[in-house]
Amino acid sequence: MEQLTPAKVTPADPPGGAAGEEEKRRALRKMKLVALSFLLGATLVFLLTSWAQASGWPGWVGYVRAAAEAGMVGALADWFAVTALFRHPLRLKIPHTAIIPNKKDALGSSLGDFVGSNFLSEEVVRDKLKRVEIARRLGGWLAEPDNAERVTSELATAVRAAVKVLRDEDIQAIMEQAVARRIIDKPWGPPLGKILQGVFADGAHHKLVDLMCDRAYEWVRDNHTTMLRVVSDRAPSWSPKFVDEMLADKVYGEVLSFVWAVKTDVNHPMRLALDKFLGEFAQDLQTNPDVMARAEQVKGQIVHHEEVQRLIGSAWSTAKEMLLTAAEDPSSELRRRVRLGLTSLGQRLITDDQLRAKADGWVEGAAAYLVKNYSREITTIITDTVERWDAEETSRKIELQVGRDLQFIRINGTVVGALAGLVIYAVAELLF
C-alpha cells in the first residue's frame, strides 16, 4: 500500500498580517540595495585605481586599490555566505548552500532539543516559577474587585456554555446511575436507625410528639358527635338508646381526659412508652434482620413510586434552569458569593505565607510534572510543525524576518575587508 505523506504547510504569517509583511519586504529590498551599493562602490574604486596605477599615478594609489580590492572580496564572500543560507547563489547547486531549505527538518529537530534541554528542564521551570512568585501576583490581581468580577464573568460564561452543550438525557442518566442507584443499592435501615437514634437520644422528637398530642386533643374535643356515633354503632341492638348515650358520654369523657393528660404531662406513661418504642425501633433498624428487610421493602416502594421517579427525572432540568439563571444574572447570590470568594482568596494569598507557599508548591509541582513526563511531547510540536512547513516558503519567511539585519554582514564585510586589505598592503610595503 502506498504510504501517505503529510501535506506541506506554510509557516504562520508574522504579526501585522499582509501590511506588516509588505513593510518588511520593502525594508529588506532597501538594505540589499545599500549592501550592493557598497560592493559597486568598492568595484568602481578598484577599477579607477587600477587605471590610475597603470597610468603612473603616485604610490598612494596602490593603497587605495588594495583596500578596494579587499573590500570587493569581503563583500562577495559575505554575499555568498548570506545568500547560501536561503538559496543556491546564482542558482548554482554548490555543496552546502541553500542551508535552511535543505536542513529545515534538522534545524527543527535541533530547535526542539534546544528548547527541551534549556527551557523545559525541571530545574529551570522550578527556579523560574519560584522567582516569579505566581501566588503573590495572582493574589494581588484577584484582590482587586474589578479583576474578581472579570473572572466571575468568565466562569459564568464557561458554565453557561458547558450547561447548554450537555444533553439533558445524558445528565439524567448519569444522575440515575451515579446518584440514585447508589442510594437505592445501599441499605437504608442501619443509617436511618443511627440517625433516628441520635435524634431520639437528644429529645429533638419531643416537639413533634407535642404537636401530635395537641392535634389529637383538638380532634377529640371537636368531634363529640363522631365519638357518640361510633359507640352507638358498636352497642348491642337490644341495648336501650339512653344507655348507649350515657355510655358514649362516659367513653368520650375518658378519652378526652386521657388525651389531655398526655398533652399536658411530659412524663405521662404514654409518652414514656412512645419514647421507649421509638428507641427500640431505631435499634431494630440497625440490628433486627426482619425490621431491616421491611425497611428495604418500604424503600423500594418509595423509590419506584411514580412521583419519586418523576422528581428524579426533573431534578437536572430544575438544577439546570437555576444554574443558568444564576450565571446570567450579575447580581445573583451565586455570582456574588463567587466574587467574594475570589477576592477573599486573593487577600489570603497576599497575607497568608503558609497558603502562598502551598499554592506556589502546587504550581511548581504541576509544572515540573508536566515537563518531566511530557517535555518530549511538547518539543515534538516544534519538530512536527517545522517538518510540515514548505521548505521554500519557510526560507522566504525566515529571510523576511532576519534578512534585513543580515545585510549588515555584507556591509561590514566590505568595510572590514577594505581595512584589512589596506593594512596587509601597508605591512607588505614596509617589509618588502
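Here is what the cut-offs are and how they apply
Residues numbered from 1 in each chain as written. Predicted model: local features only at pLDDT ≥ 70, side-chain atom pairs only at ≥ 80, totals over all residues. Heavy atoms only, no water. 1 Å grid on protein atoms, 1.4 Å probe; cavity = no way out; pocket = protein on both sides within 12 Å on 5 of 7 lines; lining within 4 Å. Points joined across faces, edges and corners; volume = space filled by probe spheres on them. Helix = DSSP H or I, 4+ residues; strand = E, 2+ residues; numbered from the N terminus. Nonpolar A, V, L, I, M, F, W, Y, C, P; charged D, E, K, R; others polar. Axes fitted to C-alpha atoms, helices over the stretch in contact; angles between N-to-C directions. Parallel < 35°, antiparallel > 145°, perpendicular 65-115°, else oblique. Left-handed = near helix turned anticlockwise from the far one by under 90°. Contact = heavy atoms within 4.5 Å. Expected span 1.5 Å × (residues − 1). Buried < 20%, exposed > 50% of the residue type's maximum accessible area, 1.4 Å probe, protein only. Arc of directions from axis to C-beta. Salt bridge = Lys/Arg side-chain N within 4 Å of Asp/Glu carboxyl O.

> Kindly report on the layout of surface pockets, identifying the contributing residues and their values.
In this approach a probe as big as a water molecule rolls over the atoms, and the regions it shows empty are the leftover space. Roughly 300 Å³ of internal volume is contained in the largest pocket. If you list the elements that add at least two residues to the lining of the largest pocket, you get helix H2 (60–86), helix H3 (99–102) and helix H18 (391–431). At 4 residues, H18 tops the list of elements feeding residues into the lining of the largest pocket. In the lining of the largest pocket, the residues fall into 6 nonpolar, 4 polar and 5 charged.

> Describe the packing of helix H4 (residues 104–118) against helix H17 (residues 353–388), and please don't skip the residues or the numbers.
Contact geometry for H4 and H17: axes closest at 8 Å, N-to-C directions at 160 degrees. Between H4 and H17, the crossing angle belongs to the class labelled roughly antiparallel. Every pair of crossing elements has a handedness; the one defined by H4 and H17 is right-handed. Taking contact as the criterion, the partners of Lys-104, Asp-105, Gly-108, Ser-109, Leu-111, Gly-112, Asp-113, Val-115 and Gly-116 in H4 are, on H17, Arg-376, Thr-379, Ile-382, Thr-383, Val-386 and Glu-387. Its residues assigned to classes, the contact of H4 with H17 comprises 4 nonpolar, 6 polar and 5 charged.

> Provide a residue-level description of helix H10 (residues 206–222), including the pertinent values.
Between the first and last C-alpha of H10 there are 24 Å, a value that for 17 residues agrees with the 24 Å anticipated at 1.5 Å per step. Among all positions of H10, only Val-209, Cys-213, Tyr-217 and Val-220 are buried. An end-on view of H10 places all buried positions within 70 degrees of arc, on one side of the element. Residues of H10 that are exposed and point over 90 degrees away from its buried face: Lys-207, Leu-208, Arg-215 and Asp-222.

> Go over the pattern of salt bridges with me, naming the residues and quoting the values.
Within the structure shown, the criterion is met by 27 salt bridges. Residues Arg-271 and Asp-210 are paired through a salt bridge, measuring 2.6 Å at the closest nitrogen-oxygen approach. You can see Arg-271 sitting in helix H13 (residues 269–287) and its partner Asp-210 sitting in helix H10, a full 61 residues away along the chain. Residue class for Arg-271 comes out buried when judged on its relative accessible area of 7%. Classification of Asp-210 by relative accessible area gives partly exposed; the value is 29%. The closest approach of N and O atoms between Arg-215 and Glu-218, which form a salt bridge, is 3.7 Å. Taken as a pair, Arg-215 and Glu-218 lie in helix H10 at a separation of 3 residues, close to a single helical turn.

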